[in-house]
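Next come the chains, spelled out residue by residue.
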Amino acid sequence: MKKIALITGITGQDGSYLAEFLLSKGYEIHGIIRRSSTFNTQRIDHIYVDPHDPNARLFLHYGDLSDPGVLTEIIWKIKPDEIYHLGAQSHVKVSFDMPEYTGDITGLGTTRLLEAIRRSGVKAKFYQASSSEMFGAASPPQNENTIFYPRSPYAAAKVYAYWMTVNYREAYNLFACNGILFNHESPRRGETFVTRKITRALANIIAGKQKILYLGNLYAKRDWGYAPEYVKMMWLMLQQDNPDDYVVGTGESHTVKEFVNFAFSYAGIELEWRGEGIEEKGIVKSVVSNHADYVKPGDIVVEIDPRYFRPTEVEFLQADITKAKQKLGWEPVVKFEHLVKIMVDYDLLQNGIKPKGEGIKISKELGYGWTNHEYSF
Ligand code: NDP
Ligand code: GDR
């Protein structure tokens, strides 16, 4: 019997990779999408098949995490075996601008979904997209026993959703897991998250479409992994005999500035830094000749814009993945430098610039870039 999965947030970075992964495992997939005035399904268009096609295994339903009625109806109708709850207002900085909305969607949205499962009486396993942001100011390395210290409305909403997931597991015997995922990135990462913002700007600068990359805090440290590897973990958690919570990361941590330096250097531009605080600037020291059309030594290419600072920052995240290694036998393949190369290669290609990478497609199905690492599900 084919398994049925429901994914909230299917149009997002993780939702799209997870949908591909579950299709490769033979699942029938249902995704909840929001109605918007412009199409918001770009990340899943390549796997979408007309539902009239007898081979269609991906179905989309309009719904919203603010609307409990539709969540209950969808669950009751499709009776999923597994529910992957990835939908959220997921931007930390935006959560300071929209704290109540973030609490409603990212926090209460989880409760609405859990209640929809309980009230519909459907026996579905549940995955909650918890976040390393919940650790906030707690000292690294962080693991499943680290006490949460959220530093943003987003993180506080995720802590609430985490505990609601635990509560439904304990109160109603629901098979519910929290995946506490550290930052994970890819060519499909939203353009306003820092990694993608950097790799897109770099490619635009080389192509002569942008002069300066404006950033906030260069010294925050993150444990950055590769999204396609992380969605497999979501699935693995739901295949265990018992529900549990797991930290997922690489165990390596780097500053935003290291990301900038490595990305630029990989693309043939060496930077030097001058000034301090909001006066700090990234200046081109040297540039390889085939990228020198629009970039010259002495050009200022990175500046600080305080608008990107957060009222409270999470300074240092680094995962301790001992439990995931021991219990799920999982370890990530793609680490920091490899990840940066994948993303830079992709954004260069978007600008018609042939990347330095060896030009091996990650996989026919994914088809999202070139890299020296062959990834296939
Ligand atoms: P994205 O921001 O790329 O995707 C978020 C998804 O949620 C989109 O599909 C979005 O739809 C949907 N969504 C937003 N608001 C609503 C709403 N009101 N009702 C229904 N759906 C909604 O996030 P990621 O893919 O990066 O992350 C997936 C999940 O994992 C999120 O919950 C995030 O908080 C969490 N997480 C992410 C990490 C990361 O590093 N990526 C790390 C740890 C946790 P639309 O396309 O219409 O906007
Ligand atoms: P984060 O990711 O807040 O960790 O949340 P983001 O990429 O937004 O920020 C990472 C760090 O970079 C610093 N930074 C900037 N960030 C952005 N977005 N834009 C900038 O210009 C900039 N300059 C510096 C930030 O201050 C921060 O320290 C992501 C999201 O995917 C969450 O949903 C998820 O839960 C966590 O990762 C784990």
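Source: prediction; values computed, not measured. (Residues numbered from 1 in each chain as written. Chains lettered and ligands numbered in written order. Predicted model: local features only at pLDDT ≥ 70, side-chain atom pairs only at ≥ 80, totals over all residues.)

Q: Even after reading the chapter, I still don't get the overall build of the protein, so can you show me in this structure?
A: Secondary structure summary: the protein contains ten helices and 17 strands in total. The C-alpha radius of gyration of the protein comes to 21 Å, within 12% of the 21 Å expected for a compact globule of 377 residues. For the C-alpha atoms alone, the extent of the protein along its principal axes is close to 65 × 45 × 45 Å. Put simply, 72% of the contacts in the protein that link residues at least 6 apart link residues at least 24 apart. (Helix = DSSP H or I, 4+ residues; strand = E, 2+ residues; numbered from the N terminus. Rg over C-alpha atoms; globule rule 2.2 N^0.38 Å. Contact = placed C-beta atoms within 7 Å.)

Q: How do you make sense of the site of ligand 1 when you look at a structure like this?
A: By nearness alone, 26 residues border ligand 1, and G9, G12, G87, A88 and A129 come closest of all. Mapped by element, the contributors of at least two residues to the shell around ligand 1 are helix 1 (13-24) and strand 5 (125-131). If you tally residues by element for the shell around ligand 1, the top one is helix 1, at three residues. (Near = placed C-beta within 6 Å.)

Q: Explanation requested: the sheet that holds strand 14 (residues 281-287) in the structure shown.
A: Hydrogen bonding along the main chain pairs the strands of a sheet, whether they run parallel or antiparallel. As summarised here, the arrangement of the four strands in space is 8-15-14-13, forming an open sheet in which the pairing is mixed. Only two strands of the sheet have a single partner each, and these edge strands are strand 8 (213-215) and strand 13 (269-274). Neighbour-to-neighbour, the strand axes of the sheet open up by a mean angle of 25°, direction not taken into account. Against the sheet, helix 8 (residues 256-266) engages strand 8, strand 13, strand 14 and strand 15 (300-304), with an angle of about 145° to strand 13. (Pairing = 2+ DSSP bridges. Axes fitted to C-alpha atoms, helices over the stretch in contact; angles between N-to-C directions.)

Q: What exactly am I supposed to notice about the site of ligand 2 here?
A: Taken together, the neighbourhood of ligand 2 is formed by 22 residues, with V92, S131, V194, G216 and A220 sitting nearest. Counting residues per element, the ones that place at least two in the shell around ligand 2 are helix 3 (92-97) and helix 6 (194-206). Residues that form the shell around ligand 2 fall into these classes: nine nonpolar, seven polar and six charged. Summarising the domain contributions, the shell around ligand 2 has at least three residues from each of domain 1 (4-181) and domain 2 (194-222 + 255-315 + 335-357). (Nonpolar A, V, L, I, M, F, W, Y, C, P; charged D, E, K, R; others polar. Domains from an automatic or database assignment.)

Q: What is the right way to read the packing of helix 4 (residues 99-120) against helix 5 (residues 153-172) from this model?
A: Any two packed helices are characterised by how steeply their axes cross, that is the angle between the axes, and by the distance between the axes. At their nearest, the axes of helix 4 and helix 5 sit 8 Å apart, and the two run at 15° to each other. Relative to helix 5, the element helix 4 lies roughly parallel. Helix 5 is crossed by helix 4, and the crossing has right-handed handedness. Each of P99, T102, G103, T106, G107, T110, T111, L114 and R118 in helix 4 lies in contact with helix 5, whose residues at this interface are P153, Y154, A157, K158, Y160, A161, M164, T165, Y168 and Y172. Class assignment of the residues belonging to the contact of helix 4 with helix 5 gives a composition of ten nonpolar, seven polar and two charged. (Parallel < 35°, antiparallel > 145°, perpendicular 65-115°, else oblique. Left-handed = near helix turned anticlockwise from the far one by under 90°.)

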